[in-house]
Amino acid sequence: MDLKIINNIDKNIFSSTVSFDSFGSEQLSSLEEKELINNFPISLTYRNLKFKKNIKIEGSVPVITDEENDDENIITVTLPPLSNQELFIDENFSATYKIDYTKIPNSLLTVNKVLKTKSLIAQAYCLIFSTVICETVKKLLDEIRAKAPGFEGEKIVSV
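Below, the structure is looked at part by part. (Residues numbered from 1 in each chain as written. Predicted model: local features only at pLDDT ≥ 70, side-chain atom pairs only at ≥ 80, totals over all residues. Heavy atoms only, no water.)

## Observations concerning the overall build of the protein chain
Helix and strand counts for the protein chain come out as 3 helices and 8 strands. Along the protein chain, from the amino end to the carboxyl end, the secondary structure elements read β-β-α-β-β-β-β-β-β-α-α. Its C-alpha atoms give the protein chain a radius of gyration of 19 Å, clearly above 15 Å, the size a compact globule of 159 residues would have. Out of the 159 residues belonging to the protein chain, those deemed buried represent 38%. Long-range pairs, those at least 24 residues apart, make up 65% of the contacts in the protein chain with a sequence separation of at least 6. Counting only carbon and sulfur atoms, one obtains 49% of the accessible surface of the protein chain, whose full area is about 10100 Å². Here the protein chain contributes 18 positive and 23 negative side-chain charges, whose respective centroids are spaced 7 Å apart. (Helix = DSSP H or I, 4+ residues; strand = E, 2+ residues; numbered from the N terminus. Rg over C-alpha atoms; globule rule 2.2 N^0.38 Å. Buried < 20%, exposed > 50% of the residue type's maximum accessible area, 1.4 Å probe, protein only. Contact = heavy atoms within 4.5 Å. Areas by Shrake-Rupley, 256 points an atom, 1.4 Å probe, with all protein chains shown as cover. Lys, Arg positive; Asp, Glu negative; His and termini not counted. Charge placed at Lys NZ, Arg CZ, Asp CG, Glu CD.)

Dropping the structure here:
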């Protein structure tokens, strides 16, 4: 399955939308993957996800890093609590995060040395949201791909 990420800014509101783009993978054709998802319906629930990542600045934009938090160049960022949603993973899948950067508390600017503006914090929040959603969808799809590979179909047996 391919997902599409659209980042946008409109009237001080930063948003990130992760949505379905197409079925198919290296292992499965689009038809096979669509059938698999119909046979094993899956969903993701926000309350089960941890929207927390280490962030650093590369150039002038926040990026996620596996490096450890050092409070100088890398900071651990956690999204503010999200209202719980359950989203089914199918051709109608779409997950959106929005944040009005003018409503980000000034106190967040004083507690870190990495994200020095509210717009950088908003960008980091959107990046974390889209990354966690994509990682979770991949994990869920990997789980159902492993359930019944090659079970369906017909074969002729000579007796």
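## Some details on the environment of Ser 158
Mapped onto the elements, Ser 158 comes out in the segment after α3 (118–145). When its relative accessible area of 73% is taken as the criterion, Ser 158 is described as exposed. Sequence separation of Ser 158 and Ile 9 is 149 residues, and the distance between their C-alpha atoms is 63 Å.

## Remarks on the sheet that holds strand β4 (residues 52–58)
Across the sheet, 3 strands lie side by side as β5-β4-β6; this open sheet has antiparallel pairing. Across the chains shown, the open sheet's two edge strands, defined by having one partner strand only, are β5 (61–65) and β6 (74–78). Adjacent strand axes in the sheet meet at a mean angle of 45 degrees when their direction is disregarded. Where β4 meets β5, 5 bridges bridge the pair, whose relative direction is antiparallel. Residue Asn 54 lies in a different strand from β5, and its bridge partner there is Thr 65. (Pairing = 2+ DSSP bridges. Axes fitted to C-alpha atoms, helices over the stretch in contact; angles between N-to-C directions.)

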